[in-house]
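Listed below are the residues making up each chain.
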Amino acid sequence: GHFCRSLTRLSTTAMEACGCVITSQDERKVVERCGKFEDVLDAGFSCVLPCLCQFVKGSISTRIQMLEINADTKTKDNVFVGIKVAVQYQVNGDSQSIQDAMYKLTNPRAQIESYVLDVVRSSVPKIDLDNVFLEKEEIAASIKEMLGETMGRFGYSILATPVTDIEPNMEVKRAMNEINKAKRLRQAAVDEGEAIKIRSIKEAEAEAARTEIQAKADAEAKFMQGQGIARQRQAIVSGLRDSVNCFKADVAGVDSKQVMDLLLVTQYFDMMKDIGGNSRSNAVFMNHSPGALQDLTQAIQGGFMSSLPAAPSFAQAQRH
């Protein structure tokens with residue numbers, strides 16, 4: 001490969017010495033006559049006249065080229081950072097620009113690098129470290145503006161100057177990561193506390209709703225129980241009234257009071273029988289003399305009748 005390239009260069013030099021010049025698509029060649037600029041050769045085949053002192057001065061590439069520049073500088077808050085800038089530039093295709101690029105500038109890459117370093121080191125020290133990451137587009141625009149104005153005088157166009165990397169000192173980077181980590185942990189703790197608060201509120205609301213529903217259910221149950229007890233007592237009164245009326249109808253010479261006394265004493269002895277049959281009941285001592293039985297009847301009648309004030313028909317039946 002090296003031999004072939006060397007052979008190609010020798011062939012090209014020999015052809016140019018004979019006045020035959022071949023220019024590639026991606027370059028332009030400058031022709032001088034007696035050391036003075038004569039012409040720019042475009043791509044393809046061209047002829048020069050060595051006998052008239054016309055010679056090829058050199059060639060300039062028209063490709064887009066890129067130069068990566070690392071600039072070390074200090075921010076406003078005294079943090080050293082490394083900023084990497086990628087400059088994309090190209091020689092303009094007109095004859096005057098190619099002439100300027102050939103004769104006015106010896107080392108365009110060094111020139112571009114010096115201007116980039118100047119812009120970075122003059123703008124970044126005015127910005128805090130946190131804002132450098134936010135304002136890198138402004139830094140890139142400043143670099144492009146400065147280079148476009150300066151390199152345009154030498155026939156070059158600046159296509160783009162993106163800031164591709166901002167690298168703080170390792171210790172600073174570690175500290176920034178710790179700060180970010182602490183901030184995220186603090187936010188996570190706040191979010192967790194807010195979640196616990198919301199969950200507690202919702203649980204309390206649910207408990208209050210359950211208590212309210214239970215209270216309403218208990219109230220409804222007691223209301224229904226009261227209605228049941230009232231209907232039970234009403235049924236008892238109705239049954240007693242019917243019993244008294246039937247007994248009077250079947251047995252002559254018996255008034256309502258006597259029938260009522262008999263029913264009450266019967267109910268009383270039934271109750272005592274149930275108490276005696278219950279294994280958990282205690283002993284009950286009773287006086288069963290004739291006088292005591294009369295007193296017992298009066299006591300039962302008085303207690304039972306005093307608890308039934310809402311039965312006028314029953315009271316009327318007793319009076320009769």
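The rules behind each value
- Residues numbered from 1 in each chain as written.
- Predicted model: local features only at pLDDT ≥ 70, side-chain atom pairs only at ≥ 80, totals over all residues.
- Heavy atoms only, no water.
- Helix = DSSP H or I, 4+ residues; strand = E, 2+ residues; numbered from the N terminus.
- Areas by Shrake-Rupley, 256 points an atom, 1.4 Å probe, with all protein chains shown as cover.
- Salt bridge = Lys/Arg side-chain N within 4 Å of Asp/Glu carboxyl O.
- Buried < 20%, exposed > 50% of the residue type's maximum accessible area, 1.4 Å probe, protein only.
- Lys, Arg positive; Asp, Glu negative; His and termini not counted.
- Polar contact = N/O pair within 3.5 Å; in protein donor to acceptor, adjacent residues only side chain to side chain.
- Contact = heavy atoms within 4.5 Å.
- Core = buried A, V, L, I, M, F, W, Y, C linked by side-chain atoms within 4.5 Å.
- Pairing = 2+ DSSP bridges.
- Axes fitted to C-alpha atoms, helices over the stretch in contact; angles between N-to-C directions.
- pLDDT = per-residue confidence, 0-100.

On to the overall build of the chain. Along the backbone of the chain there are nine helices and nine strands. Here the chain displays about 21,400 Å² of accessible surface, and carbon together with sulfur accounts for 55% of that area.

This part covers the pattern of salt bridges. Under the criterion given, the structure shown has six salt bridges. Across the pair Arg210 and Glu207 runs a salt bridge whose closest N-O atoms are separated by 2.4 Å. Of the two residues, Arg210 and Glu207 both sit in helix 6 (residues 170-250), three residues apart, roughly one turn of that helix. By relative accessible area, which is 48% here, Arg210 ends up partly exposed.

Turning our eyes to something else, we now look at the side chain of Glu32. Here Glu32 is to be found in strand 2 (residues 27-33). Lys57 provides the closest opposite charge to the buried, unpaired Glu32, separated from it by 4.2 Å. Here Tyr103 takes part through its side chain, which lies 2.7 Å from a polar atom of the side chain of Glu32. Glu32 has contacts with Phe37, Glu38, Cys53, Gln54, Phe55, Lys57 and Tyr103, leaving out every residue within four places of it along the chain.

With that settled, the discussion passes to the nonpolar core. Note on soluble globular proteins: their nonpolar side chains tend to be buried together. Core analysis: the largest hydrophobic core is formed by 36 residues, its most contacted members being Val87, Ile112 and Val116. Secondary-structure elements contributing two or more residues to this core are strand 6 (65-74), strand 7 (80-91), helix 2 (95-103), helix 3 (108-123), helix 4 (129-134), helix 5 (136-151), strand 8 (156-160) and strand 9 (163-168). For this core, the element with the highest residue contribution is strand 7, accounting for six residues. Contact partners of Val116, with chain neighbours within four places excluded, come to Ile69, Val85, Val87, Ile143 and Leu147.

Time to look at the sheet that holds strand 5 (residues 54-61). A sheet is described by the order of its strands in space; here three strands give the open sequence 3-2-5, paired in antiparallel fashion. A strand with exactly one partner marks an edge of an open sheet, and here the two such strands are strand 3 (36-41) and strand 5. When the angles between neighbouring strand axes are averaged without regard to direction, this sheet yields 30°. Here strand 2 runs beside strand 3; their pairing, made up of five bridges, is antiparallel. Residue pairing across strands places Glu32 opposite Phe37, the latter belonging to strand 3. Strand contacts of helix 2: strand 2, strand 3 and strand 5, with the helix running at about 95° to strand 5, the strand carrying the most contacts.

What follows is about the pairing of strand 7. Strand direction decides the pairing type here: strand 6 and strand 7, joined by 10 bridges, are antiparallel. Bridge pairing links Asn70 to Lys84 in strand 7. Counting the residues between successive antiparallel strands, the hairpin from strand 6 to strand 7 contains five residues, one of them, Asn78, with a positive phi of roughly 60°. In this structure, strand 7 lies alongside strand 9, joined through five bridges in antiparallel fashion. Pairing of Ile83 across the sheet is with Ile166, part of strand 9. Relative to strand 8, strand 7 is paired through four bridges, and the arrangement is antiparallel. Note that in strand 8 the partner of Gln90 across the bridge is Ser157.

With 78% of its residues at a pLDDT of 70 or more, the chain shows a mean pLDDT of 79. Throughout residues 308-320 the model reports pLDDT below 50, and contacts reaching past four residues in sequence, or to other chains, amount to 15 contacts.

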